[in-house]
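Structural features, examined
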Amino acid sequence: MDISLYTFAIGFVIFWGLILAFRKRLEPKGFIIYPLFLMWKKSTRSLWFPRLASSKPFKIYEKIAMILGILAMIGGITMIYYVIFGLIFHPQSTTVRLEPIIPGVTISLSCLPYILLALGISVTLHELSHAVSATSNKINVKSGGFILLGIFPGAFVEPEDEEFMASSLPAKIKILAAGIAVNLILAGIFFPLAIFLPGYFSQGLLIEGVIPHSSAYNASIQAGDVILSVNGIRTNTFNSLTTALNQSTNYTIVLKAPNGSTIVKHAEAKNHFLGVYVTYYFPPSVRPFLLFVTWMFIINFSLALFNAVPLIITDGGKIFTELLKKISSQNGEKMSMAIQAFLLMSLVYAIMLSITA
């Protein structure tokens, strides 16, 4: 086992061991504790940012949120079945997967701080949007708090149940969709940043692997080297490397070795294929910022789509139930639960296919 993963596992066990050991002391302070589940809940203010809630821009935002919530619901459902049918009928060409985030398994432990920071910010803004929208629709907020599930933080607010149930259908959808919309908007903001900033800050292309007996292999180019230029063309993006390789079959490649020295290699590739796996190479000071930007997009896009899918406990599930109750007051809720159970099984199946494909 990698030493960083081993240290993480030990710390994880110690932390939850202490939480469970002090359970009796923590519960009177408002904590609810189960294995790998910690929730702190308390009564909170009834109104949240009333000036913002009553403003015209926020009223417009709520209307947009209703549309975005429905679109995200359709998009989330579409993604689940796109993955299922793609992996069943075209497993070799389907690149989209639905894999859970498991530190040390599906993602590097080095990414964990940025994931937790992005998740904490995104979930907090999500819940604040619910609270402000409740105030906007004349519904009091009775409580709020924080959740820790394993290592993943969360937050929640609870409107007054009776007031919420007595409100109109548009008001309910606005409150429920407000959180989905803020995550979708954040994803839209961070997407172009995650796409264009890496190329802007890149100082070359880091070689992560070399294909045996390829042109790079024959030229003694190694993993860990950084490609700075090819035939005088600066190669700080994937497109610039492709352009440089396509212009010739004989290459003078300037590299930065792992020890920091600059070396020059000569290679020949008649098919313009060098045979290296590359990624961006950043200054150490820039890398944390770019990782944060990337995970802000991934986390918010994932929260928006999957929280919008009707999956029993999601905001999308509540919206779906309210819509079906409007169509059929007697059987709407039962129909909704049945459909949501089927969608939940579909999601689990899509994840299983993604892991085993």
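Structure: above.
Figured I'd write up the structure that's included with this text. (Residues numbered from 1 in each chain as written. Predicted model: local features only at pLDDT ≥ 70, side-chain atom pairs only at ≥ 80, totals over all residues. Heavy atoms only, no water.)

Our next topic: the packing of helix α4 (residues 56-89) against helix α12 (residues 332-356). At a minimum axis separation of 9 Å, α4 and α12 run at an interaxial angle of 45°. It follows that α4 is oblique to α12 by the angle criterion. The hand of the α4/α12 crossing is left-handed. Residues Ile77, Ile80, Tyr81, Val83, Ile84, Leu87 and Ile88 of α4 form the contact with α12, whose own contacting residues are Phe342, Leu343, Ser346, Leu347, Tyr349, Ala350, Leu353 and Ser354. Taken together, the residues that form the contact of α4 with α12 break down as 13 nonpolar, two polar and no charged. (Axes fitted to C-alpha atoms, helices over the stretch in contact; angles between N-to-C directions. Helix = DSSP H or I, 4+ residues; strand = E, 2+ residues; numbered from the N terminus. Parallel < 35°, antiparallel > 145°, perpendicular 65-115°, else oblique. Left-handed = near helix turned anticlockwise from the far one by under 90°. Contact = heavy atoms within 4.5 Å. Nonpolar A, V, L, I, M, F, W, Y, C, P; charged D, E, K, R; others polar.)

Take the packing of α4 against helix α5 (residues 112-136) next. Remark: α4 packs on α5, axes separated minimally by 11 Å, with the N-to-C direction vectors making an angle of 110°. Comparing their axes, α5 and α4 come out roughly perpendicular. As α4 packs across α5, the resulting crossing turns out to be left-handed. Of α5, the residues touching α4 (which contributes Phe58, Lys59, Tyr61 and Glu62) are Ser129, Val132, Ser133 and Ser136. For the contact of α4 with α5, the class distribution of residues is three nonpolar, three polar and two charged.

Moving on: the layout of surface pockets. Roughly 430 Å³ of internal volume is contained in the second largest pocket. Considering the residues around the second largest pocket, the lining is formed by 17 residues, among which Thr279, Tyr280, Phe282, Arg287 and Leu291 are closest to the centre. Breaking the lining of the second largest pocket down by element, the ones donating at least two residues are α7 (169-201), β5 (205-210), β10 (276-280) and α10 (287-308). The leading source of residues in the lining of the second largest pocket is α10, at six residues. Of the residues in the lining of the second largest pocket, the class split is 13 nonpolar, two polar and two charged. (1 Å grid on protein atoms, 1.4 Å probe; cavity = no way out; pocket = protein on both sides within 12 Å on 5 of 7 lines; lining within 4 Å. Points joined across faces, edges and corners; volume = space filled by probe spheres on them.)

What follows is about a nonpolar patch on the surface. A cluster of nonpolar side chains, namely Ile312, Ile313, Met337, Leu344, Val348 and Met352, defines an oily patch on the protein surface of about 540 Å² accessible area. On the secondary structure map, Leu344 appears in helix α12. In this structure Leu344 comes out as partly exposed when scored by relative accessible area, which is 33%. (Patch = residues over 30% accessible without salt bridge, like charges linked within 9 Å, V, L, I, M, F, W, Y side chains within 5 Å. Areas by Shrake-Rupley, 256 points an atom, 1.4 Å probe, with all protein chains shown as cover. Salt bridge = Lys/Arg side-chain N within 4 Å of Asp/Glu carboxyl O. Buried < 20%, exposed > 50% of the residue type's maximum accessible area, 1.4 Å probe, protein only.)

What follows concerns the sheet that holds strand β4 (residues 152-159). Spatially, four strands are ordered β1-β2-β3-β4 in an open sheet, and the strand pairing comes out antiparallel. Looking along the sheet, the strands with just one partner apiece sit at the ends: β1 (31-34) and β4. Put simply, the sheet's adjacent strands are angled 15° from each other on average, direction ignored. Relative to β4, strand β3 (residues 141-149) runs antiparallel, the two sharing eight bridges. Residue pairing across strands places Ser143 opposite Glu158, the latter belonging to β4. Running over the sheet, α5 touches β3 and β4 and is turned about 5° from β4. (Pairing = 2+ DSSP bridges.)

We now examine α12. The terminal C-alpha atoms of α12 lie 36 Å apart, and with 25 residues this matches the ideal 36 Å at 1.5 Å per residue to within 8%. Among the residues making up α12, those that are buried are Gly332, Ser336, Gln340, Leu343, Ser346, Leu347, Ala350, Leu353 and Ser354. Structurally, α12 contributes buried residues whose contacts are with α4, α10 and α11 (315-327). (Expected span 1.5 Å × (residues − 1).)

Attention now goes to the packing of aromatic side chains. With the rule as written, the count across this model stands at twelve aromatic pairs. For the pair Phe15 and Trp16, a centre-to-centre distance of 5.5 Å together with 85° between the ring planes defines the contact as edge-to-face. You can call Phe15 partly exposed: its relative accessible area is 36%. Between the aromatic rings of Phe191 and Phe297, the centroid separation amounts to 5.1 Å while the plane-to-plane angle is 50°, which identifies the pairing as tilted. In this pair, Phe191 is assigned in helix α7 and Phe297 in helix α10, connecting sequence segments 106 residues apart. Classification of Phe297 by relative accessible area gives buried; the value is 19%. An aromatic cluster is defined as three or more aromatic residues linked by ring pairs; in this entry it consists of Phe191, Phe297 and Phe301. (Phe/Tyr/Trp six-rings, centres within 6.5 Å; stacked < 30°, edge-to-face > 60°.)

Moving on, we come to the pairing of strand β6 (residues 226-230). Taken across its five residues, β6 has four buried, putting it largely inside the fold. When β5 meets β6, the two strands line up antiparallel, connected through two bridges. If you follow Leu205 over to β6, its bridge partner there is Ile227. Bridge count for β6 against strand β8 (residues 250-256) is four bridges, and the pairing is antiparallel. Within β8, the residue paired with Val226 across the bridge is Lys256. The pairing of β6 with strand β7 (residues 233-234) spans two bridges and is classified as antiparallel.

Among the secondary structure elements, Asn300 is positioned in helix α10. Residue Asn300 is classed as buried on the basis of its relative accessible area, which comes to 0%. Among the polar contacts listed, one links the side chain of Asn300 to the backbone oxygen of Met296, at a separation of 2.7 Å. Sequence-distant contacts of Asn300, that is, excluding residues within four places in its chain, are made with Ser122, Asn183, Leu186 and Ala187. (Polar contact = N/O pair within 3.5 Å; in protein donor to acceptor, adjacent residues only side chain to side chain.)

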